[in-house]
Amino acid sequence: MPPRPAGKGSGRGRGAQPGHEGKHRRLLPPERVDELVDHWPERCQSCAHVFGGQELVDAVEPWLHQVAELPPIAVQVTEHRLHGVCCPECAARTRAQLPAGVPRSAFGPRLQAAVVTLAVRNRVSRRDTTELVRELFGVELSTGSVDAIIQRAGAALAGPYTQLEQRIKSASVVNIDETGWKTGGGNRTLWAALTSSTAVFRIAAGRHAFEARTLLGERFAGIVCSDRWRGYDYLDPSQRQLCWAHLLRDFTAHSEGMADQEQFGCGGLVIAHDLFAAWDSYQQDGDRDRLQAQTAPLQDKLRTLLEHAARKSPRTKYHRQFAKNLLNRWPALWTFTHTPCVEPTNNHAERGLRGAVIYRKLSLGSQSEQGERSIERLLSASVTCRLRKQSLYNYLTRAITAHARGDPIPSLA
């Protein structure tokens, strides 16, 4: 067998074949290659000499061309025959029962996990899922069966979801955000709380402080990164970090005003841009002392700007309340400068919510309270697996298998 190029950096060796896709694709290591096929030249391209078997020796490293292909996909159908036997003593008929490991559903755990992954992670509609499963796997599936599979998976994740909730309530830093939701056409609110490795979604009646307390817990002692929505005002400002990306948009809106409002907005924009420049430098070198030294003068400039704008005057009519709001929450503007793992934006929560928002727009939300519980559990599992770089499909397969057997469900926490 000819030697395989060692490869440098991108996984492509000096002798790798630069095909069209190969320019943008990393070659797989030898242990992940299922089949090796050697190709040798038949004759010399210079003098047309026909090579003999003994002459087929590598003079240069071979080029590598890898082709990834799907094997023919066919779902394995197992028929379980439950026989009935007549007792010779009492003439009673006894029928066999399904073993504990056999799913009571007509579909196995891997197929169910694939359906749930398509619906939740990839946001494929129920109707499109039936078509996709039929085309890819040759399985006839109704939209009602798809919904039943999703509800069953949601029920299986009740325990892991509770564990994730406990992780959020004991976390040192949580990013939190909320967005609209629909259940049976009625207005609801979808809340999201995320750490670096855990995500919890909860569908609630509204956007009030009560829902935030329920999600975070009454004894939450960590830092909450959020926007300026009043539902979080029950928290002490020293326990919060306000999102500077939102403030940047607010200052931009004020800069489009007139007179003093325009000056106020432009001054705030300069401070915000300098703050993000300081944060970018910290992201590169991790020097917190330098970050604090760079943001200290920005704090002085912003306080002066806000105190001037908060004075009662006809000139500050349109930005006075905004300035007062920031002064009342002053410590929450600067938590990121002295607390590890706290960022000056709430982008982490907004990214976590993005998939759920798309799901809501495509599915129009939920239809029942049971549907709410299912989707909040499945969204939590999906985003948590993504944060941990784990396969949602593999986790769901294990969870659905354990649920069918009556075994403990694998933990996500």
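Residues numbered from 1 in each chain as written. Predicted model: local features only at pLDDT ≥ 70, side-chain atom pairs only at ≥ 80, totals over all residues. Heavy atoms only, no water.

## Side note on the packing of helix H8 (residues 288-309) against helix H9 (residues 320-328)
For the pair H8 and H9, interaxial distance at closest approach is 8 Å and the crossing angle is 135 degrees. Here H8 is positioned oblique relative to H9, judged by the angle of their axes. The two elements H8 and H9 cross, and the hand of that crossing is left-handed. In this structure, H8 contributes Arg303, Leu306, Glu307 and Ala309 to the contact, and H9 contributes Arg320, Ala323, Leu326 and Leu327. Within the contact of H8 with H9, the residues separate by chemical class into five nonpolar, no polar and three charged. (Axes fitted to C-alpha atoms, helices over the stretch in contact; angles between N-to-C directions. Helix = DSSP H or I, 4+ residues; strand = E, 2+ residues; numbered from the N terminus. Parallel < 35°, antiparallel > 145°, perpendicular 65-115°, else oblique. Left-handed = near helix turned anticlockwise from the far one by under 90°. Contact = heavy atoms within 4.5 Å. Nonpolar A, V, L, I, M, F, W, Y, C, P; charged D, E, K, R; others polar.)

## Observations concerning the confidence of the model for the protein chain
On average, residues of the protein chain score 89 in pLDDT, and 94% of them are at 70 or above. Mean pLDDT across the secondary structure elements of the protein chain bottoms out at helix H2 (residues 126-137), with 90, and peaks at strand E7 (residues 240-242), with 97. Overall, residues 1-15 carries pLDDT values under 50, and its contacts beyond four positions in sequence, including any with other chains, amount to 37 contacts. (pLDDT = per-residue confidence, 0-100.)

## Here we look at the environment of Gly159
Counting through the fold element by element, Gly159 comes out in helix H4 (residues 158-169). For Gly159 and Leu111, which are 48 residues apart along the polypeptide, the C-alpha to C-alpha distance reads 22 Å.

## Comments concerning the nonpolar core
Core analysis: the biggest nonpolar cluster contains 55 residues, and Val116, Phe201, Leu378 and Leu396 have the highest contact counts within it. Setting aside residues up to four positions removed in sequence, Val116 forms contacts with Arg121, Ile149, Ile150, Ala153, Leu378 and Leu396. In terms of nonpolar packing, the next biggest core, distinct from the first, is built from 31 residues, Leu298, Leu326, Trp334 and Phe336 among them. (Core = buried A, V, L, I, M, F, W, Y, C linked by side-chain atoms within 4.5 Å. Buried < 20%, exposed > 50% of the residue type's maximum accessible area, 1.4 Å probe, protein only.)

## Section: the packing of aromatic side chains
In this structure the tally under the stated criterion is nine aromatic pairs. Between the aromatic rings of Trp181 and Tyr359, the centroid separation amounts to 6.4 Å while the plane-to-plane angle is 5 degrees, which identifies the pairing as stacked. Taken together, the residues span a long stretch of sequence, with Trp181 in strand E3 (residues 173-183) and Tyr359 in helix H10 (residues 347-363) at a distance of 178 residues. Geometrically, the ring pair formed by Trp191 and Tyr232 is edge-to-face, given 6.0 Å between the ring centres and 85 degrees between the ring planes. Separated by 41 residues along the polypeptide, Trp191 in strand E4 (residues 186-194) and Tyr232 in the loop between strand E6 (223-226) and E7 bring together distant segments of the chain. (Phe/Tyr/Trp six-rings, centres within 6.5 Å; stacked < 30°, edge-to-face > 60°.)

## Notes on helix H5 (residues 209-216)
Inspection of H5 places Glu211, Ala212, Leu215 and Leu216 among the buried residues, and these make up the whole buried set. Buried residues of H5, viewed axially, fall in a sector of 120 degrees; they line one side. In the core, the buried residues of H5 are packed alongside H4, E3, E4, strand E5 (199-204) and E6. Immediately downstream of H5, the backbone of Gly217 shows phi near 95 degrees, a positive value. (Arc of directions from axis to C-beta.)

## Considerations on the state of the cysteines
In total, this model carries zero disulfides according to the counting rule given. Free cysteine Cys341: the closest other cysteine sulfur is in Cys225, separated by 10 Å. Residue classification places Cys341 among the exposed positions, given a relative accessible area of 70%. (Disulfide = S-S within 2.5 Å.)

## Some points on the sheet that holds E3
For sheets, the rule is that strands pair by backbone hydrogen bonds, running either parallel or antiparallel. The mixed open sheet is built from five strands, whose spatial order is E5-E4-E3-E6-E7. The open sheet has two edge strands, E5 and E7, and neither has a second partner. For this sheet the average axis-to-axis angle between neighbouring strands, irrespective of direction, equals 25 degrees. Bridging between E3 and E4 involves nine bridges; their strand directions are antiparallel. Counted as the bridge partner of Trp181 is Arg188 from E4. (Pairing = 2+ DSSP bridges.)

## Thoughts on the pattern of salt bridges
Tallied over the full model, the rule gives 13 salt bridges. Its salt-bridge partner being Arg329, residue Asp233 comes within 2.8 Å of it at the nearest N-O pair. With Asp233 in the loop between E6 and E7 and Arg329 in the loop between H9 and H10, this residue pair connects regions lying 96 residues apart in the sequence. Here Arg329 falls in the buried class, since its relative accessible area comes to 13%. Across the pair Arg373 and Glu376 runs a salt bridge, and its minimum N-O distance is 2.6 Å. Remark: Glu376 and Arg373 occur in helix H11 (residues 369-387); sequence separation between them is three residues, near one turn of the helix. (Salt bridge = Lys/Arg side-chain N within 4 Å of Asp/Glu carboxyl O.)

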